[in-house]
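Descriptive analysis of the structure
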Amino acid sequence: MANSYIVDKFGLNEKISGIVGGSGVLGGSVARALAKAGSRVAVIYNHGKEAADKRVEEISAAGGEAIAVHADAGIKKDLEEARDKILSKWGRVDILVNAPGVNSTTPILDIEEEEWKRILDINLKGMFFACQVFGRYMIQNQIKGSIINFSSVSSEIPLSKVFTYGISKAGVNNMTRFLAREWAEHGIRVNAVMPGFFPAEQNRKILTEERRTSIFKHTPMGRYGEAEELSGPIIWLASNNASSFVTGTIIPVDGGFTGMTI
Ligand SMILES: NC(=O)c1ccc[n+]([C@@H]2O[C@H](COP(=O)([O-])OP(=O)(O)OC[C@H]3O[C@@H](n4cnc5c(N)ncnc54)[C@H](O)[C@@H]3O)[C@@H](O)[C@H]2O)c1
């Protein structure tokens, strides 16, 4: 009885998900989690086909269904082709998770236009065009979709060493709220998760020993997050039955980082 209630609330059977950045550490974990919750999953990758294929194999080995689809998040046409490949394979898309990300520690006075553009292009423009490309399909086909964007704790309070990245994520928050407002009338919910610190590829160089100490000091839980700890919030936001009245929110998953001061 309890089990069928949970399956009804959180289960994603019959749902199709596209995960931009699905070959990465957090996006890959999300792909596995959505598949375990019953969704068929498209792992959208730009480079690192091997990593994307590995995710697909892991999901298939666990009894799920997944495909790897190429798209550079900075190129709208790529995203349209990726969406169309998913549609030709499974006939619909219900859930979009936007988890591409690049970062840089360049000091503020040394940031050049090329780097600024690269980070904004992928982290903000890329996420917007993925929302637009999949959102247009959802609106035209009356799909009551769920879109989940990856924000960051650097989006609302200044965090050292990630200036351009933090600005891109502030844009992600605002965009998420705008789209939630605009698309609520179509039954499309748009939310974001705001992870604290999770060791991954894009932040490998930033998470030095010294920074780890100061992060742990400022995190009430005193540790890094583990990718799997995003699964619960993501499945909740993805499921129309579990989060039907939730849109335009930015959900911290940060061990208390943004909820404390000294
Ligand atoms: N790891 C953390 O502590 C943390 C904290 C806050 C937010 N985030 C966000 O989580 C998301 C996932 O990042 P992660 O930490 O797993 O890092 P990651 O480096 O493991 O994954 C990032 C993914 O983005 C993909 N990507 C980069 N450029 C792309 C492009 N042009 N087109 C398509 N995909 C592209 C990479 O191939 C990779 O798969 C990002 O949006 C990141 O900003 C991470």
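Just above sits the structure.
In this report, the structure presented in the accompanying data block is examined. (Residues numbered from 1 in each chain as written. Predicted model: local features only at pLDDT ≥ 70, side-chain atom pairs only at ≥ 80, totals over all residues.)

Within the protein chain, the secondary structure is distributed over eight helices and seven strands. Compactness check: the protein chain gives a C-alpha radius of gyration of 18 Å against a globular reference of 18 Å for 262 residues, within 12% of the reference. The buried share of the protein chain, taken over its 262 residues, is 44%. (Helix = DSSP H or I, 4+ residues; strand = E, 2+ residues; numbered from the N terminus. Rg over C-alpha atoms; globule rule 2.2 N^0.38 Å. Buried ≥ 20, exposed ≤ 12 C-beta atoms within 10 Å, placed from the backbone.)

Further remarks concern the pairing of strand β2 (residues 40-45). With six of its six residues buried, β2 lies for the most part within the structure. Side chains Arg 40, Ala 42 and Ile 44 of β2 all project onto a buried face; the interleaved residues Val 41, Val 43 and Tyr 45 project onto the opposite face, where all are buried too. When strand β1 (residues 16-20) meets β2, the two strands line up parallel, connected through five bridges. Considered in β2, the bridge of Ile 16 is made with Arg 40. In this fold, β1 hands off to helix α2 (residues 25-36), which returns the chain to β2; that crossover is right-handed. Crossover β2 to strand β3 (residues 66-70) through helix α3 (residues 49-61) is right-handed. (Pairing = 2+ DSSP bridges. Right-handed = clockwise from strand over helix to strand, strands pointing away.)

The next thing to look at is the sheet that holds β3. Strand pairing within a sheet occurs via backbone hydrogen bonds; the two strands may be parallel or antiparallel. Overall, parallel pairing links the seven strands, which are arranged β3-β2-β1-β4-β5-β6-β7 in an open sheet. At either end of the open sheet lies a strand with only one pairing partner, and these are β3 and β7 (250-253). Within this sheet the neighbouring strands show an average axis-to-axis angle of 20 degrees, counted without direction. Bridge analysis of strand β5 (residues 146-150) against strand β6 (residues 189-195) gives five bridges, and the strand direction is parallel. Its bridge partner being in β6, Ile 148 is matched across the sheet by Asn 191. Sitting on the sheet, α3 touches β2 and β3, and the angle it makes with β3 is about 165 degrees. Lying over the sheet, helix α4 (residues 76-90) contacts β1, β2 and β3, oriented at roughly 150 degrees with respect to β3. (Axes fitted to C-alpha atoms, helices over the stretch in contact; angles between N-to-C directions. Contact = placed C-beta atoms within 7 Å.)

A few words now on unusual backbone geometry. One non-glycine residue, Glu 14, lies in the positive phi region at around 75 degrees. Secondary-structure assignment places Glu 14 in the loop between α1 (2-10) and β1. Its identity is not glycine, yet Gln 142 carries a phi of approximately 50 degrees, on the positive side. Locating Gln 142 in the fold gives a position in the loop between α5 (113-140) and β5.

Close contacts around the ligand come from 29 residues, with Gly 24, Ala 73, Gly 101, Ala 200 and Glu 201 the closest. Looking at the shell around the ligand, the elements with two or more residues in it are α2 and α5. Per-element accounting of the shell around the ligand gives the leading share, three residues, to α2. Each residue belonging to the shell around the ligand can be placed in one class, and the counts come to 14 nonpolar, 13 polar and two charged. (Near = placed C-beta within 6 Å. Nonpolar A, V, L, I, M, F, W, Y, C, P; charged D, E, K, R; others polar.)

The next point concerns the pairing of β5. For a regular strand, side-chain orientation follows a simple rule: the groups alternate between the two sheet faces. Across the five residues of β5, five count as buried, placing the element largely inside the fold. Pairing of strand β4 (residues 95-98) with β5, which is carried by four bridges, proceeds in the parallel orientation. By the bridge assignment, Asn 98 is partnered in β5 with Asn 149. Taking the sense of rotation as the criterion, the β-α-β connection linking β5, helix α6 (residues 163-183) and β6 turns out right-handed.

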